[in-house]
Structure formats: structure tokens, C-alpha cells
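Commentary on secondary and tertiary structure
One-letter residues, chain by chain:
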Amino acid sequence: MTDTPANPFEALMRQTQEMTETWVKSLNPALASFTPSTMDKMWPTVPPEMLEAFLGRQFNPGGLEAKTRLLLTLLGLTIQGAVAEGQIRLTVRHAIAAGATRQEVAETIGLAALFGGVPAMNKAMELATEALDTEGKA
């Protein structure tokens, strides 16, 4: 039996996919195994001083500090349904770097259940735990 599709459109799509995979592998072999869910692992945790400079009170002395802004970001990402997995893990890592405690991260995600629902809270808690466990091993 042959592997050639009977449908010409399917054959064209398969050929295009194979050509793209070959091109990506020749461009950067590391991209061959790249998936969007691993994107957050490629992004380093920003030092607390930089977080405070760019997200905190440096340009807005009377405003929110970086930790609070990051916890609010986590709240919003959770309320949206916790579908932005990489962003949630990255935000948790940065919130911890900015001085948030595990308890504050858990409380923020728990509060989001009031607006985003328990399934979103459970998913975000799972992602946060994963990020915290990974960060603790580093």
C-alpha cells in the first residue's frame, strides 16, 4: 500500500508540511522540537530590580509595586480561563522573583475562582505549582 494521498489537496498540504519541517530543521535544529508550551522555559526570570524598574514604582512613585502588578496579571490570566499556560507559569515565576510568597500566589488564583470559575482556578493552580516546583529545583 502506498503512503501517497488520493486527494490532491491533501498531497499538496503534506508536501508543504514536509518542506517546512526540512526548512525549519536546516535553519535551527533546536526549533524542530519547539512547541509553544515550552516557550516560557526559554525566557529567563527577570531580576527583581529590573521588575521593579519596569513594572514598579520607578516611573510612577505613588503607584503599585511590581509584585502587586504581577499578582493582578495572574488574576486576569486565571479569570480568562487559564488558557495562556506559558504566560501563567512565567507570571508566577516573576511574581515570586518580585517578592510574592507561595501563599500570595495561591490566594490570588483562589480569588480568581469567583470570576473565572473553579475549572480555571484548578488549571491555574496546577500551572503555578508546576512553575514553583521547577523554579525551586533551579
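Only a predicted model underlies this, so the values are computations on that prediction, with no experimental measurement involved. (Residues numbered from 1 in each chain as written. Predicted model: local features only at pLDDT ≥ 70, side-chain atom pairs only at ≥ 80, totals over all residues. Heavy atoms only, no water.)

Regarding the overall build of the protein chain
A count of helical and extended segments in the protein chain gives seven helices and zero strands. From first element to last, N terminus to C terminus, the protein chain shows the α and β order α-α-α-α-α-α-α. Evaluated residue by residue, the protein chain yields a buried proportion of 28% over its 138 residues. Intrachain contacts of the protein chain at a sequence separation of at least 6 include 58% that bridge at least 24 residues. As displayed, the protein chain has an accessible area near 9,100 Å², and 63% of this comes from carbon and sulfur atoms. (Helix = DSSP H or I, 4+ residues; strand = E, 2+ residues; numbered from the N terminus. Buried < 20%, exposed > 50% of the residue type's maximum accessible area, 1.4 Å probe, protein only. Contact = heavy atoms within 4.5 Å. Areas by Shrake-Rupley, 256 points an atom, 1.4 Å probe, with all protein chains shown as cover.)

Overview of a nonpolar patch on the surface
A cluster of nonpolar side chains, namely Met-50, Phe-54, Leu-55 and Phe-59, defines an oily patch on the protein surface of about 460 Å² accessible area. With respect to the secondary-structure elements, Phe-59 resides in the loop between helix 3 (48–55) and helix 4 (66–79). (Patch = residues over 30% accessible without salt bridge, like charges linked within 9 Å, V, L, I, M, F, W, Y side chains within 5 Å. Salt bridge = Lys/Arg side-chain N within 4 Å of Asp/Glu carboxyl O.)

Some words on the packing of helix 4 against helix 5 (residues 85–97)
Put simply, helix 4 and helix 5 touch, their axes get as near as 9 Å, and they point 160° apart. Of the possible angle classes, the one that applies to helix 4 and helix 5 is roughly antiparallel. Every pair of crossing elements has a handedness; the one defined by helix 4 and helix 5 is left-handed. Contacts between helix 4 and helix 5 pair Leu-70, Leu-71, Thr-73, Leu-74 and Leu-77 from the former with Gln-87, Ile-88, Thr-91, Val-92, His-94 and Ala-95 from the latter. (Axes fitted to C-alpha atoms, helices over the stretch in contact; angles between N-to-C directions. Parallel < 35°, antiparallel > 145°, perpendicular 65-115°, else oblique. Left-handed = near helix turned anticlockwise from the far one by under 90°.)

Considering the packing of helix 3 against helix 4
Helices that pack against each other are described as a pair by the angle of their axes relative to one another and the distance between those axes. Across the interface, helix 3 lies against helix 4 with an axial gap of 8 Å and an inter-helix angle of 80°. Relative to helix 4, the element helix 3 is oriented roughly perpendicular. Where helix 3 abuts helix 4, its residues Leu-51, Glu-52 and Leu-55 lie against Ala-66, Arg-69 and Leu-70. Across the contact of helix 3 with helix 4, the residue classes break down as four nonpolar, no polar and two charged. (Nonpolar A, V, L, I, M, F, W, Y, C, P; charged D, E, K, R; others polar.)

Quick notes on the pattern of salt bridges
Throughout the structure, instances matching the rule amount to five salt bridges. The salt bridge partner of Glu-85 is Lys-123, with a shortest N-O separation of 3.3 Å. Highlighted residues: Glu-85 in helix 5 and Lys-123 in helix 7 (residues 118–137), separated in sequence by 38 residues. Relative accessible area serves as the criterion here: at 26%, Lys-123 is assigned to the partly exposed category. Here the salt bridges do not stand alone but share partners, grouping Glu-85, Lys-123 and Glu-126 into one network.

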